Each structure stands twice: as structure tokens, then as C-alpha cells.
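Observations on the model geometry
If you want the building blocks of each chain, they are given just below.
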Amino acid sequence: MRRTVASAVGVAGIVAGTLGNAGPAQAAQPRPAPVACPASVGDKATCYTGQDSDGAYYAIAIPKKWNGSLIVHSHGGPDLGDGSDPERSVGDLDRWSVMVSEGYAWAGSSYRRGGYGTRMAAADTENLRRLFVADFGRPERTYVHGQSWGGNVAAKVVETYGKKNGPYDGALLTSGVLGGGSRGYDYRVDLRVVYQYYCHNLPRPGEPQYPLWQGLRPGSTLTTAGLRARLQECTGYASAPEERTALQQRNLDDILAVTRLPERTLESHLRFSVFTFRDIVHSRLGDRNPFGNQGVWYSGSHDDTALNAGVERFSADPGARRDLSYDSDLTGRVSIPVLTMHAIDDPTAFVEHEAAYRATVDGAHHGKNVVQTFTKESEHSELSDAEYADSIAALDSWARTGTKPTPRSIASACATFDRVYGTGCFYDSGYHPKPYASRVRPRPGGLAWPAMTSAQERAWSRIDGVGIAP
């Protein structure tokens, strides 16, 4: 491993980019400092942490038997703290130590602040790659890996910085929120209004009222514990079925049937529709509404007619929807190898997000650069380490040789890695997800993909202040 003459001072971004409108940092920043590695990494690598000139904390690990390639990681969330959390990147390194075990250097950013901002997070990811190059030298290959919302971030990295013969050689998107922001949260919009129709406690009748697209009124002091208490009060979700009242059970049955959400992740989806929606609307979009549910027919309840007559309705502000779309929607303009992996029974980012991504890249005529794999698992962030190792090896081989893998060839190779990790191989190489609209009720005009075309992106990029500010 060599160090370049230039240190990380001055590494940050030389690339111009629009965010709304921010690219990688351009100020001087201190060099990474050696630290003890997480226990899962141990003495297999040398670890570093630091903070870049935009305030984003990061963690880096370089294996003692480095294969010469780098994985830059984009984490999920988003976390909602005000600043950058130094523990986040260290925790991600611990979680993804399998990549270090496979011989890859690993670098992950905590992002410069909490809250929503896909282009901001993509810029922070790219800035960390540049920092690594300035301090440790240019890797033989560089891959970006995104998990959950980080899959959306990494896909944005691919479209913004991943040009052919550019700094990235491929991308691995696992359990990704690949439907983008303007459509990818519609089922949580539905949950927010359907929940309030049945429960009437968010807000309660005697509390200050607000439109539900806000998620939560800006000045509210409601906590996550308080939210769980209200959910329990209405549905008894945390109680055994025999301990629920008849009304609680009916409320729970109706909410789950209408929204098509799994019971085990109902609370986390509601939490997003409350606290993260407030962040998006109030903190990022200046109290403008990017969401709508006009024209949506809700079904599956014990009385659909009453539900549709009584549920709150609203339309998106066009400027707010444009800004959320510009920040997070994908054009499908993919010029490098992209491999995805998704659990078929993912309870958080439904597998139909993969159908949205396939429709997006095919709609942009770049589908040849994407291979999608699916597993018979039922988790969101904890799939098999053997599968993660198998996936990065398949992507690396594709980038090196130009030979595109297939879902079947990837599944066949997994046994080699399972002999090391013993976590199992659960691929279903013949699976194809149903369309996104089969799971999430489409809004009028919401069936065509990409949700944002390349032409729209170019036109919007010329608007001063477009998107979500970093």
C-alpha cells in the first residue's frame, strides 16, 4: 500500500456537481487517524477515522492482505440527528466487516448531517473516495455499495459520478430503496392517512391540528416512545392477539390490509411517516408538500366506502415534488456494472423496489448494465454474509473480465463462500418481482418509469436552488 505525496489535505472535490447544488467538498481537511478496529475486523486490518471538511465523520479499514480494491459504503436511514454521527461509520464497518474479510479496503461516511438528502449523501460518499485516494493511493478497482436508503444513495453515485472509465468500476445495491423519493414513500403516505382515519390520535382531537402530509407538526415534542404508546393504544400491536380488544384487533387488521404492510414492521413504517416526513417537509422543503393521495382508492378494510369518504386527501406542491424527485429519483442512466441483491420477503424496502429499478434502467435503455438477484430471506439488513461475499466477488469478476454474470451463476458460486461463513445460500435464481404498482397504489400518472428522465434532470439542474440543500 502506498501513500501519495499529497495528503488528504486538499483532497476534497474537484468535481462540480449540483445537489441543490453541492458536490464533494473543496476545503482542506485533516488526514485519517489510526484507531483500533471493531472486534469483527480485529487484527485483519488497519483502521482509521476522521472528519472531512464538510463535517462528515468516516471510518476506513485497509486489510493487511489487501487485494488492491476499495469498497465505498453508503449507509441507510436516514438518521435524523442534526450533525454527523461518528459512531455511525464505525458501526457500519463492524456490520460490513465481511468485505474486509474478503480482502477489500472499506470506507464509509456518516454523511455531513442527519436528515434527508440523497445527493448530499452521494457527494459525501464521493468525497470520501477522493480522500482515500489522496492519502492511500488509487485502488486497482473501486466499488460503491449501498444498503437500504443507501442503495438509493449509491445508485445516485452511479448516475452522478460513475461514468464509463470513471472513478467507479461497479456498484452493489443491497435491499435498496430504488423507487426513489417521489414514489418510494407513497405506501407510507397511505399509512399516515389510514392510521389517522382509524386511530384519531396523531393528532388527538384536543391537540393542535395539522395536515398529515407534514408527518408531525414542526413544534411537536412527541417522542418515539410516545408514538409507540399511541400505536399500542389504537391497535394493541405489541400485545398478544388474545390480549387485544375487539376494536384494537379490527383497527390493526384494517390498517395492515389496506396498506399491505407486514405487522412486524408496522411501527417502523409509521415512525418514518411521522418523524422522517417531518424532516423532509419542514427541514428540507421549507414546509412544502411533496406528497399526494388524490385519486387513490383504498381497499381491503371492513368498510372501504367509509374509509375512502373519510380519509384525508391532499395534492403535492409541484415545486416540492420536483425538488424531492431531483434529489432522490433515478434516471436509469447507468454506465458501469450494477449488481443488486434483495430478500423476496423484505419487510421494509419491499422487493417491488427492484421492479421499479428494472423499469427505470430499461426505460433509459441501460438495462444491460444491471443484474438483479433475489433470496428467499425475510429480513432487510441482515442477509447472509456468504451471499454478500458472493455478490462482491461476482461484481468484481464482471468489472475485471467484462463477462456479465447471471442470477444462476451467482447462486451456483455461493457455496464456496458458505464454506467460509456458514451463513447459508438462499438464492432464488428464477424469481422476478411483480410491478411496483402491484404493491404500492400508484398515483395518477405514476406508472411510467423513470420517475425522472435524464432530460428532466438536465432541465431542473439549471434552476437555482433546485433539490434539497446540504
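An unreviewed UniProt entry lists the chain under the name Alpha/beta hydrolase, with Streptomyces rugosispiralis as the source organism.

Right, let's get into the confidence of the model for the chain. This prediction gives the chain a mean pLDDT of 94; 94% of its residues lie at or above 70. Below pLDDT 50 for its whole length, residues 1–22 participates in 77 contacts with residues either more than four positions away or in separate chains.

We now examine the state of the cysteines. Covalent bonding between the sulfur atoms of two cysteines is what defines a disulfide. Considering all chains together, one arrives at three disulfides under this definition. Between the sulfur atoms of Cys37 and its disulfide partner Cys47 the distance amounts to 2.0 Å. Judged by the sign of its S-S torsion, about 110 degrees, the bond between Cys37 and Cys47 is right-handed. Residue Cys37 is located in the loop between strand 1 (33–35) and strand 2 (45–51), and its partner Cys47 is located in strand 2; the two are separated by 10 residues in the primary sequence. Cys47 shares its class with Cys37; the two are buried. Disulfide pairing is shown between Cys414 and Cys425; the S-S distance is 2.1 Å. Taking the sign of the torsion about the S-S bond as the criterion, the disulfide between Cys414 and Cys425, at about -85 degrees, is left-handed. Residue Cys414 is located in helix 14 (residues 407–421), and its partner Cys425 is located in the loop between helix 14 and helix 15 (454–461); the two are separated by 11 residues in the primary sequence. Residue class for Cys425 comes out partly exposed when judged on its relative accessible area of 32%.

Taken as a whole, this structure holds 15 aromatic pairs when the rule is applied. Ring geometry for Phe132 versus Phe136: centroids 5.1 Å apart, planes at 45 degrees, classification tilted. Of the two residues, Phe132 and Phe136 both sit in helix 3 (residues 118–136), four residues apart, roughly one turn of that helix. Note on Phe132: relative accessible area 0%, which makes it buried. Centre to centre, the rings of Tyr197 and Tyr198 are 4.9 Å apart; their planes meet at 80 degrees, and the pair counts as edge-to-face. Given a relative accessible area of 10%, Tyr198 falls into the buried group. Ring pairing ties together the aromatic residues Tyr111, Tyr116, Trp149, Tyr185, Phe272, Phe277 and Phe291, which thus form one cluster. Just above the ring of Tyr326 sits the side chain of Arg119; from NZ or CZ to the centre is 3.8 Å. The ring of Tyr168 is capped by Arg129, whose NZ or CZ atom sits 5.6 Å from the centre of that ring.

What follows is about the pattern of salt bridges. Within this structure, the stated rule accounts for 27 salt bridges. For Asp396, the salt bridge goes to Arg400, with nearest N and O atoms at 2.9 Å. Highlighted residues: Asp396 and Arg400, both in helix 13 (residues 385–401), separated by four residues, approximately one helical turn. Given a relative accessible area of 34%, Arg400 falls into the partly exposed group. Connected through shared salt-bridge partners, Asp54, Arg112 and Asp124 make up one network.

Overall, mixed pairing links the nine strands, which are arranged 1-2-3-5-4-6-7-8-9 in an open sheet. Among the strands making up the open sheet, the edge pair consists of strand 1 and strand 9 (370–375). Each strand axis lies, on average, 20 degrees off the axis of its neighbour in the sheet, ignoring direction. Pairing between strand 7 (residues 170–174) and strand 8 (residues 338–343): four bridges, direction parallel. Bridge pairing links Ala171 to Val338 in strand 8. Together, strand 7, strand 8 and strand 9 form the strand contacts of helix 12 (residues 352–363), whose direction differs from that of strand 9 by roughly 170 degrees.

Rules of the game
- Residues numbered from 1 in each chain as written.
- Predicted model: local features only at pLDDT ≥ 70, side-chain atom pairs only at ≥ 80, totals over all residues.
- Heavy atoms only, no water.
- pLDDT = per-residue confidence, 0-100.
- Contact = heavy atoms within 4.5 Å.
- Disulfide = S-S within 2.5 Å.
- Helix = DSSP H or I, 4+ residues; strand = E, 2+ residues; numbered from the N terminus.
- Buried < 20%, exposed > 50% of the residue type's maximum accessible area, 1.4 Å probe, protein only.
- Phe/Tyr/Trp six-rings, centres within 6.5 Å; stacked < 30°, edge-to-face > 60°.
- Lys NZ or Arg CZ within 6 Å of the ring centre and 35° of its normal.
- Salt bridge = Lys/Arg side-chain N within 4 Å of Asp/Glu carboxyl O.
- Pairing = 2+ DSSP bridges.
- Axes fitted to C-alpha atoms, helices over the stretch in contact; angles between N-to-C directions.

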